[in-house]
Amino acid sequence: MAAVTLTNVVKRFGGFGVVHGANIDIAEGEFVVFVGPSGCGKSTLLRMIAGLEDISAGEIAIGGKVVNDVEAAERGIAMVFQSYALYPHMTVEQNLSFGLRMNGNPKPDTERRVRRAAEILRIDELMHRRPKQLSGGQRQRVAIGRAIVREPQVFLFDEPLSNLDAELRVQMRVEISRLHKELGVTMIYVTHDQTEAMTLADRIVVLKAGNVEQIGAPLDLYDDPANRFVAGFIGSPKMNFMPARVVETGPGAATVELVNHAGARLSKPLQSTPPAVGAEVVLGVRPEHFFDAGKGDCDIAVKADVAEHLGSVSYVYAGAGDDELIIEREASRQRASGDHLTVAIKADKALLFDTKGARIR
Amino acid sequence: MRHQNATAYRFLTPYLLIFSIFWVWPIISSFLISFQATRTVPWRFAPTFNWGRLIGDPAFYNALKNTLLILVIQVPVMISLAIVMAVLLNSPLLKVRGLYRFAFFAPVVVGEVAYSAVFRLMFNLNFGIINKLLNSVGLPSVDWFSNVTPAMALIMIAVTWRWAGYNAIILLAGLQSIPDDVYEAATLDRVSKVKQFFYITLPLLKPIIVFCAVLSIIGTMQLFTEPFLITERGGPGGGTETLGLLLYRQGFRSLNFGYASAVAYTMAGLAIAITLVQLWLTRDPK
Ligand SMILES: Nc1ncnc2c1ncn2[C@@H]1O[C@H](COP(=O)(O)OP(=O)(O)OP(=O)(O)O)[C@@H](O)[C@H]1O
Ligand SMILES: [Mg+2]
């Protein structure tokens, strides 16, 4: 178990910056998820922590010790690769024990660790098979098992579930969560799936194009995103963003009117200086934060294009262009496309952003 | 369907015709000829004439011994060298990889006569660069062409020079098919680079190594160019005569086609037998 600290970590490939000064503090035993769209530098960050990639600038410390110049092998970390990276010519048992055997670990201890990992991951039956003879989920378990036998200070996972089908993904997610509780070891987990991030993480690090956008507990990011990107990335379906204009300001509050819904006005309490009257802003409302007509602070009328009925909830897709809205409705199975629908917005469930995407609090 | 097949076969006819005349028929024909006494006119059927002679012929045993000796020394040395070359070619530290790849492959496309002439010059007793180099480090000159052991060594060096790069390129393709992340996983497993080579690279490369070895065995069994051109028809005194050379001498100089055919079939049989044994020894345990 060890804490991991990244201080102003920069990564450049050639002259091309990929990570631009990341500052992340990960406590001992914490489960931290790096999340962000494809190409934002998640894997690169993870590989720098592992020591598989050099650091262009900044400092990485594991367990309080700066490891910039420490070889990957000596960092006391284990990594589970997206492709699993099992040794194809070895049986499951050999895959698990390979590292220990090569380092002259005493045989009884190796056997004990392999047995324990096999039990934890329920792969006892597969010990004499080759990776080729395993299903994706089983390979995944072996890859995790290989990390477990190392008894590492820190576990790194790079999108370990992305090759699995939806059902198996949920199941493995639960198992990884259980594993974290059982081992209590620091885990850093990379994914671009916000559901995985929300369900697994103690804290989430949201990345975008090599910048850390926000770090926080899953529900803090959901309730109180720092900017429009985080607001849009966390939560499914995505938050709705509606263009609005400031029509009136008072001390500690601003009234905005939705551009596409004339007359729909909302007064939003603010801690900071409100923007000037006439300023363009963006109002963010999550699909699940639309209420029945009259039960909020203002009503808007929309025309439903498509309705998806998932059973417990339905999603109504309304409008088009910059006015497209996704509205979650419970108990509205009859709703069909073409219907007119009036929903309410509450000021305390709506977020205000400036046109650059920064949050106006 | 049937009609389509017929069309396909009509397109294939020219090839099949040539294949039959110049490949299939000689193979069958030489098999038949090996059972005939071909020094008399007309040839007559005499099953033991050539095969019986083969079994008791010292020249055959000499050629067989030379061929096998080259095989057991040259092939392992060359394959090992090719593996080392392939690993170096694959190194991320290497600059101008394309140039090296070309340089390693080039010997294969150099004309046989030109290459043999250059080797003869390089190994010349009095003014060859090899002896000059030996002298410069205080070693005596070696008369590469007049003594059997240096002549055999020269053949092996020449064959290795010509084919090591070719095998290295094949092995390089195999190396590149091993995913990087397997090595990264091994690095995180604290396995040293050297151990990674022996416990990951070699086992994963094994099918390709076996393939290269089989190609080389077949090639060396038929070895002809080097002893013919470099050591001048198996010299000194038959000391580097190979089965291929014996075949040539019997068939095309003495015009003894029956005996030459028997030698040819022996070469092919041996190549197949050695290859099968090798495949069996290196098979994957099930
Ligand atoms: N070896 C490399 N050389 C040059 N550029 C690279 C290299 N590796 C990654 N990059 C670039 O760095 C950026 C971040 O890559 P990275 O693999 O970290 O993304 P990611 O967030 O893991 O994406 P994904 O979700 O698709 O895996 C990308 O723009 C990629 O093109
Ligand atoms: Mg990635």
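Residues numbered from 1 in each chain as written. Chains lettered and ligands numbered in written order. Predicted model: local features only at pLDDT ≥ 70, side-chain atom pairs only at ≥ 80, totals over all residues. Heavy atoms only, no water.

Looking up chain B in an unreviewed UniProt entry gives the name Sugar ABC transporter permease, with the organism given as Mesorhizobium abyssinicae. Recorded under Subcellular location (unreviewed entry), the UniProt text for chain B is reproduced unchanged: "Cell membrane". (UniProt positions renumbered as here; feature names shortened; annotations may be inferred.)

J.: Honestly, the overall build of chain B in this entry has me stumped. Any pointers?
T.: Check the secondary structure of chain B and you find twelve helices and two strands. When the helices and strands of chain B are placed in sequence order, the string is α-β-β-α-α-α-α-α-α-α-α-α-α-α. Expressed as lengths along the three principal axes of its C-alpha atoms, the size of chain B is roughly 75 × 70 × 35 Å. Among the 286 residues that make up chain B, the fraction classed as buried is 39%. Put simply, of all contacts in chain B between residues at least 6 apart along the chain, 66% involve residues at least 24 apart. Of the charged side chains in chain B, 21 are positive and 11 negative; the average position of the first set lies 7 Å away from that of the second. (Helix = DSSP H or I, 4+ residues; strand = E, 2+ residues; numbered from the N terminus. Buried < 20%, exposed > 50% of the residue type's maximum accessible area, 1.4 Å probe, protein only. Contact = heavy atoms within 4.5 Å. Lys, Arg positive; Asp, Glu negative; His and termini not counted. Charge placed at Lys NZ, Arg CZ, Asp CG, Glu CD.)

J.: Whenever I open this one, the site of ligand 1 confuses me. Can you help?
T.: Residues and elements named next belong to chain A. Every residue near ligand 1 is listed here: Phe13, Val18, Ser38, Gly39, Cys40, Gly41, Lys42, Ser43, Thr44, Glu159 and His192. In the model, an oxygen atom of ligand 1 is placed 2.8 Å from a nitrogen or oxygen of the Lys42 side chain. Burial of ligand 1 by the protein chains amounts to 59% of its free accessible area of 640 Å². In terms of residue count, the dominant contributor to the shell around ligand 1 is helix α1 (residues 42-50) (three residues). When its residues are assigned to classes, the shell around ligand 1 shows three nonpolar, six polar and two charged. (Near = heavy atom within 4 Å. Polar contact = N/O pair within 3.5 Å; in protein donor to acceptor, adjacent residues only side chain to side chain. Areas by Shrake-Rupley, 256 points an atom, 1.4 Å probe, with all protein chains shown as cover. Nonpolar A, V, L, I, M, F, W, Y, C, P; charged D, E, K, R; others polar.)

J.: Mind showing me how you'd approach the UniProt feature "domain: ABC transmembrane type-1" (unreviewed entry) in chain B here?
T.: Feature annotation in UniProt places "domain: ABC transmembrane type-1" (unreviewed entry) on residues 64-278 of chain B, given in this structure's numbering. This span, residues 64-278 of chain B, is 77% helix and 0% strand, and a straight line between its end C-alpha atoms measures 19 Å.

J.: Just checking my understanding: could you explain the pairing of strand β8 (residues 186-191) of chain A for this structure?
T.: If a strand is regular, its side chains alternate between the two faces of the sheet. Residue and element names in this part refer to chain A. Among the six residues that make up β8, six are buried, leaving the element largely enclosed by the rest of the structure. Both faces of β8 are covered, namely the face carrying Thr186, Ile188 and Val190 and the face carrying Met187, Tyr189 and Thr191. Here strand β3 (residues 31-35) pairs with β8 via five bridges, running parallel. Residue pairing in the sheet places Val33 in a bridge with Tyr189 of β8. In this sheet, β8 lies alongside strand β7 (residues 154-158) in parallel orientation, the contact comprising five bridges. The partner of Phe155 across the bridge, within β8, is Met187. In this fold, β7 hands off to helix α5 (residues 166-183), which returns the chain to β8; that crossover is right-handed. (Pairing = 2+ DSSP bridges. Right-handed = clockwise from strand over helix to strand, strands pointing away.)

J.: Help me understand the pattern of salt bridges, please; the structure alone is not making it clear to me.
T.: Residues and elements named next belong to chain A. Tallying each qualifying case throughout the model produces 20 salt bridges over all chains. Between Asp224 and Arg359 there is a salt bridge, with its nearest N and O atoms 2.7 Å apart. With Asp224 in the loop between α7 (218-223) and α8 (228-233) and Arg359 in strand β21 (residues 359-360), this residue pair connects regions lying 135 residues apart in the sequence. In this structure Asp224 comes out as partly exposed when scored by relative accessible area, which is 34%. With a relative accessible area of 19%, Arg359 lands in the buried category. Each of the salt bridges in this network shares a partner with another, and the network as a whole consists of Arg122, Arg141, Glu175, Arg178 and Glu182. (Salt bridge = Lys/Arg side-chain N within 4 Å of Asp/Glu carboxyl O.)

J.: Explanation requested: the sheet that holds strand β17 (residues 313-318) of chain A in the structure shown.
T.: Sheets are built from strands paired through backbone hydrogen bonds, the pairs being either parallel or antiparallel. Residues and elements named next belong to chain A. In space, the five strands of this open sheet follow the order β15-β19-β16-β17-β18, with antiparallel pairing throughout. Two strands lie at the open edges of the sheet, namely β15 (290-292) and β18 (325-330), each paired on one side alone. Averaged over all pairs of adjacent strands, the angle between their axes in this sheet comes to 55°, without regard to strand direction. The pairing of β17 with β18 spans six bridges and is classified as antiparallel. Looking at the pairing, Ala318 lines up with Leu325 of β18. (Axes fitted to C-alpha atoms, helices over the stretch in contact; angles between N-to-C directions.)

J.: Any chance you could explain the layout of surface pockets here in plain terms?
T.: Any empty space left between the atoms is revealed when a probe the size of a water molecule rolls over them. All names here are of chain B. Quantified by volume, the largest pocket comes out at close to 1100 Å³. Along its surface, the largest pocket is lined by 30 residues, and Pro92, Tyr183, Thr187, Lys193 and Gln196 are the ones closest to its centre. Of all the secondary-structure elements, those providing two or more residues to the lining of the largest pocket are α3 (58-90), α7 (148-176), α8 (180-188) and α9 (193-221). The dominant element in the lining of the largest pocket, judged by the number of residues it contributes, is α9, at five residues. Here the residues of the lining of the largest pocket sort into 13 nonpolar, eight polar and nine charged. (1 Å grid on protein atoms, 1.4 Å probe; cavity = no way out; pocket = protein on both sides within 12 Å on 5 of 7 lines; lining within 4 Å. Points joined across faces, edges and corners; volume = space filled by probe spheres on them.)

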